[in-house]
Amino acid sequence: PSVIAPAPAPERVVVVGYTSGSTGRPKTNPKTWGSFVASTHFNAARLREALGERWRGSLPWILATVPPQHMYGMEMAVLLPLLGGMGLHGGHPLYPADVAAALKELPEPRVLVTTPVHLRALHRSGIELPTLGAIVSATAPLPREMAEALERRFATTVLEFFGSTETCVIASRRTALESAWRPYPGVVIHPG
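Let me sum up the structure you'll find in this document. (Residues numbered from 1 in each chain as written. Predicted model: local features only at pLDDT ≥ 70, side-chain atom pairs only at ≥ 80, totals over all residues. Heavy atoms only, no water.)

**Quick notes on the pairing of strand β7 (residues 157–164)**
(1) Moving on: Bridge count between strand β6 (residues 134–137) and β7: 4 bridges; the pairing is parallel. If you follow Ser-137 over to β7, its bridge partner there is Glu-160.
(2) Moving on: Tracing the backbone out of β6, into helix α5 (residues 144–154) and back to the parallel element β7 gives a crossover that is right-handed.
(3) Moving on: Here β7 pairs with strand β8 (residues 168–173) via 5 bridges, running antiparallel. Following the sheet pairing, Glu-160 is matched in β8 by Arg-173.
(4) Moving on: Here β7 folds back onto β8 in antiparallel fashion, the turn holding 3 residues. (Pairing = 2+ DSSP bridges. Helix = DSSP H or I, 4+ residues; strand = E, 2+ residues; numbered from the N terminus. Right-handed = clockwise from strand over helix to strand, strands pointing away.)

What follows is the structure, given as structure tokens:
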């Protein structure tokens, strides 16, 4: 028999993230269950929007090259499968051939969650990938030319997510077509 564990209270701190310290000393950032649930809802909705009508009602399968210890990895490789109704490949491949092999193990629609560094390596490798429903990139800016090239080469949609340890993901864009970020509902972005 299945057992369903009760969800933590929304105000309960479930994770303490740490900034990288690139702007000074690393700082702690307590994350509540409610903030993770809200962020995951928006991430899943944006990803399903990118997958489009072809995959409506399908179970997306995620392959993440980012570790769950990073906030981006936590959001994409832990919370999306846990709360967003998505499957997850158990590996974290690094090299292009390993990424391709792991993707082939997944049913469609496949979603590659990765970084610009990994995407450049995949693009330059010349390796073929199975059909991708979408690619999600974060951790550094993805040049528009690279996003365009990836969309052409892999016949997919490339999404870029914007966030931080302090905020989680707060905006996204389809970099090949959009230069402006699309903030999530309730998020207002002001120049600093």
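**Describing the side chain of Thr-19**
(1) Moving on: As for its position among the elements, Thr-19 is in the loop between β1 (13–18) and β2 (28–32).
(2) Moving on: A polar atom in the side chain of Thr-19 sits 2.7 Å from the backbone nitrogen of Lys-27. (Polar contact = N/O pair within 3.5 Å; in protein donor to acceptor, adjacent residues only side chain to side chain.)

**A closer look at helix α1 (residues 33–51)**
(1) Moving on: For α1, with 19 residues, the first-to-last C-alpha span of 27 Å sits near the 27 Å given by 1.5 Å per residue.
(2) Moving on: For α1, the full list of buried residues reads Trp-33, Phe-36, Ser-39, Thr-40, Asn-43, Ala-44, Arg-46, Leu-47, Ala-50 and Leu-51. Burial along α1 is one-sided: seen end-on, the buried residues are contained in an arc of 165 degrees.
(3) Moving on: Looking at the residues trailing α1, positive phi occurs at Gly-52, about 75 degrees. (Expected span 1.5 Å × (residues − 1). Buried < 20%, exposed > 50% of the residue type's maximum accessible area, 1.4 Å probe, protein only. Arc of directions from axis to C-beta.)

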